[in-house]
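For reference, the chains in residue letters:
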Amino acid sequence: MESGQTVVVFGAYGHTGRFVVAELLERGYVPVLSGRDAGRLRELAASHEGLDVRPASVDDPASLDRALAGAAAVVNCAGPFAVTGAPVIEAALRAGIPYVDVAAEIEANADTFARFADRARAAGTVVVPAMAFYGGLGDLLATTAMGDWTAADEVHVAYGLSSWHPTAGTLAAGKVSRERRNGRHVRHTGGRLEYHDEALPVQEWPFPAPLGTRPVIGEFTMADVVTVPSHLAVPEVRTYMAVDAAQDLSAPDASAPTAVDARGRSAQTFLVDVVVRSGDTERRAVAAGQDIYAVTAPLAVEAVHRILTGRTRTTGVASAGAMFDAPDFLRALSGHLSVDVRHAPTGGLGIMDPDRD
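Residues numbered from 1 in each chain as written. Predicted model: local features only at pLDDT ≥ 70, side-chain atom pairs only at ≥ 80, totals over all residues. Heavy atoms only, no water.

A.B. asks: If you had to explain the overall build of the protein to someone new, which residues and values would you point to?
C.D. replies: Helix and strand counts for the protein come out as 12 helices and 16 strands. Its C-alpha atoms give the protein a radius of gyration of 19 Å, within 12% of the compact-globule value 21 Å for 357 residues. With the C-alpha coordinates aligned to their principal axes, the bounding extent of the protein is approximately 60 × 45 × 40 Å. Taken across its 357 residues, the protein has 54% of its residues classed as buried. (Helix = DSSP H or I, 4+ residues; strand = E, 2+ residues; numbered from the N terminus. Rg over C-alpha atoms; globule rule 2.2 N^0.38 Å. Buried < 20%, exposed > 50% of the residue type's maximum accessible area, 1.4 Å probe, protein only.)

Below is the structure:
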């Protein structure tokens, strides 16, 4: 059990927010339930006796200040983060407390690094964006795979999801991101983000057993293109999504996740396959588990725990791999993830990249 410190969860009544609240309680923290809908907050509080409810809105800074008063940290689970990120970070800076979010939006995460790096560092506080399945987990795996390397040529992050039933928040965030980039695609190449209108390729990716080789959409770009190059010297960062999962996400009748166990997890399984290449050597780190939304909670709460117990590597804005000891962080998640790290010469892992024949 932890010390009973209070942690504000903004967007506590959302799908991921509820998982974060439950994980905080399990770890001995005291969640403070916050968000703009007072009714939904009270409804959630009714199932967790004794929790404080503090309604707040991102367009009312004073309400955010009241929500964060006396707290040890804040976890922002309320997307779209293009709307909520900056106001909640501003409130955290005013309160002098650490900020963690679960943003998967590429532009919102890039904004956090660009807008708050100097201010958070000067304040001596910590801001960790994308501390979630997308962005955070891939970054931890890539950092672990890098090992003693100080630089690499490429990082590839392939997502093997058995299915993808999106939450309302995922759909809303995706809509905002598409609007911000005028419907264009984005990739990280040559050390920078590049927007383009080219069709996304479909190729084969050799996932480890038991998944095996599956068709994926190349350049199905996720938040890893912000988190990984924020601290690793890698000019090319590419992400891939299993075709079946991408089709689920874009279906006009896409349905929300359905709980199948007592923890509220869906039946969805995932395998995240990260390959780092430097010259003629490739290194691979693989994580597998159940439910991308549910696993975000232990990622975010473990981050909060390490921040509050002084196990950080820097101050200011930093991704998971820069802020924490990545291999040790992944070991701490052994109850939620299985992780395997492998090294092999090029060809031994069999990356099927159309740009490298």
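A.B. asks: Let's hear about the packing of helix α3 (residues 61–68) against helix α4 (residues 81–95): which residues, and what values?
C.D. replies: Relative orientation and spacing of two packed helices are given, respectively, by the angle between their axes and the distance between those axes. The geometry of α3 relative to α4 is characterised by a closest axis approach of 9 Å and an angle of 55° between their N-to-C directions. Considered as vectors, α3 and α4 are oriented oblique to each other. By crossing handedness, the relation of α3 to α4 is classed as right-handed. Residues Pro-61, Leu-64, Asp-65 and Leu-68 of α3 touch α4, and the partners they reach there are Pro-87, Val-88, Ala-91, Ala-92, Arg-94 and Ala-95. A per-class count over the contact of α3 with α4 returns eight nonpolar, no polar and two charged. (Axes fitted to C-alpha atoms, helices over the stretch in contact; angles between N-to-C directions. Parallel < 35°, antiparallel > 145°, perpendicular 65-115°, else oblique. Left-handed = near helix turned anticlockwise from the far one by under 90°. Contact = heavy atoms within 4.5 Å. Nonpolar A, V, L, I, M, F, W, Y, C, P; charged D, E, K, R; others polar.)

A.B. asks: Got a sec to walk through the pattern of salt bridges? Specific residues and values, please.
C.D. replies: A full pass over the atoms with the stated rule returns 22 salt bridges. In this structure, the salt-bridge partner of Arg-342 is Asp-340, at a minimum N-O distance of 2.4 Å. Under the relative-accessibility criterion, Asp-340 is labelled partly exposed at 31%. A single network of salt bridges, built from pairs that share partners, joins Arg-27, Glu-302, Arg-306, Asp-328 and Arg-331. (Salt bridge = Lys/Arg side-chain N within 4 Å of Asp/Glu carboxyl O.)

A.B. asks: Any chance you could break down the packing of aromatic side chains for me, citing the residues and the numbers?
C.D. replies: As enumerated under the stated definition, the model contains eight aromatic pairs in all. Ring geometry for Phe-133 against Tyr-159: centres 5.5 Å apart, planes inclined by 50°, an arrangement best described as tilted. Taken as a pair, Phe-133 in helix α6 (residues 133–146) and Tyr-159 in strand β7 (residues 154–161) lie far apart in primary sequence, 26 residues in all. Of the two residues, Phe-133 and Tyr-159, both sit in the buried class. When the ring of Phe-324 is compared with that of Phe-329, the centres are 5.2 Å apart and the planes differ by 40°; the resulting orientation is tilted. Like Phe-329, Phe-324 is buried. An aromatic cluster of three or more residues is present, and its members are Phe-133, Tyr-134, Tyr-159, Trp-164 and Phe-270. (Phe/Tyr/Trp six-rings, centres within 6.5 Å; stacked < 30°, edge-to-face > 60°.)

A.B. asks: How would you explain the nonpolar core if you had to name every residue and give the values?
C.D. replies: In terms of nonpolar packing, the biggest core is built from 108 residues, with Met-131, Phe-133, Leu-137, Leu-161 and Trp-164 touching the most fellow members. If one sorts the elements of this core by residue count, helix α10 (residues 292–308) sits on top with 11 residues. Excluding residues that lie within four positions of it along the chain, Phe-133 makes contacts with Gly-138, Tyr-159, Leu-161, Phe-270, Val-272, Ile-292, Val-295, Thr-296 and Leu-299. Counting residues in each nonpolar core, the second largest holds eight residues, with Ala-158, Trp-205, Val-216 and Val-286 among its members. (Core = buried A, V, L, I, M, F, W, Y, C linked by side-chain atoms within 4.5 Å.)

A.B. asks: So what about α3? Which residues, and what values?
C.D. replies: Among the residues of α3, Ser-63, Leu-64, Ala-67 and Leu-68 are the ones counted as buried. Burial along α3 is one-sided: seen end-on, the buried residues are contained in an arc of 130°. Along its buried surface, α3 packs onto β1 (6–10), β2 (30–35), β3 (52–55), β4 (73–76) and α4. (Arc of directions from axis to C-beta.)

A.B. asks: Can you break down the pairing of strand β11 (residues 213–218) residue by residue, with the values?
C.D. replies: Judged from the five bridges that link them, strand β10 (residues 202–206) and β11 form a sheet pairing that is antiparallel. Paired with Val-202 across the strands is Ile-217, a residue of β11. What sits between β10 and β11 in their antiparallel hairpin is a turn of six residues, with Gly-212 showing a positive phi close to 80°. Relative to strand β12 (residues 236–242), β11 runs antiparallel, the two being bridged by three bridges. Paired with Gly-218 across the two strands is Tyr-240, which belongs to β12. (Pairing = 2+ DSSP bridges.)

A.B. asks: Lay out the packing of helix α1 (residues 15–26) against α10 in plain terms, naming residues and giving numbers.
C.D. replies: Relative to each other, α1 and α10 sit at 45°, their axes nearing to 8 Å. Judged by the angle between their axes, α1 and α10 are oblique. Our pair here, α1 against α10, has a crossing hand that is right-handed. Residues His-15, Thr-16, Phe-19, Val-20, Glu-23 and Leu-24 of α1 form the contact with α10, whose participating residues are Tyr-293, Ala-294, Thr-296, Ala-297, Pro-298 and Val-301. Residues of the contact of α1 with α10, tallied by class, amount to eight nonpolar, three polar and one charged.

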